Amino acid sequence: MDNYLKQMLDCGRRIWASKGEDQEAAKKEFIECLKVLEGELGEKPYFGGECFGFLDIALILFSCRIYTYEKLSNFSTDEECPKLMEWVKRCKERESVPKALPDALKFYEIAMVVKKRFDLRSNSRIVN
């Protein structure tokens, strides 16, 4: 699972840091990762079955990033992986989960500030 999460984070980083064909390739890979998760979830309410467990805890922490990746690369996780997004909603109905997750819109806003600074630094290096 550790390697899988690293792969998802790498895809997200590439969506955030790239443009054009590179970003499109990262988006496709990210969606494939999400579809694998959706397949593992199957018809169960949680990854461990009927009970919210360790795997759910590990994966739900990633959910606050999805909105940012959707906005940056123009896709809808609700359309691509509806069962996975139902799982996200189900997890967020638990009292403890929303308290532990960063707000997705705030995460997006911060990511855009960092991206703008990163892009400016990258461009200034090219000019010099």
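Residues numbered from 1 in each chain as written. Predicted model: local features only at pLDDT ≥ 70, side-chain atom pairs only at ≥ 80, totals over all residues. Heavy atoms only, no water.

The chain is annotated in an unreviewed UniProt entry as GST C-terminal domain-containing protein of Tetracentron sinense.

**Student:** I tried to follow the environment of C81 on my own but got confused; where do I start?
**Tutor:** Here C81 lies in the loop between α5 (77-80) and α6 (82-92). Non-local contacts of C81, meaning those with residues more than four positions away in its chain, are made with I31, L34, K35 and E38. (Helix = DSSP H or I, 4+ residues; strand = E, 2+ residues; numbered from the N terminus. Contact = heavy atoms within 4.5 Å.)

**Student:** Where do I start with the packing of helix α2 (residues 20-41) against helix α4 (residues 66-73) in this structure?
**Tutor:** Helices that pack against each other are described as a pair by the angle of their axes relative to one another and the distance between those axes. Contact pair α2 / α4: the axes reach a minimum separation of 10 Å and the direction vectors enclose 140°. The angle between α2 and α4 falls in the class oblique. For the pair α2 and α4, the crossing hand works out as left-handed. On the side of α2, the interface is formed by Q23, K27 and F30, while α4 contributes I66, Y69, L72 and S73. (Axes fitted to C-alpha atoms, helices over the stretch in contact; angles between N-to-C directions. Parallel < 35°, antiparallel > 145°, perpendicular 65-115°, else oblique. Left-handed = near helix turned anticlockwise from the far one by under 90°.)

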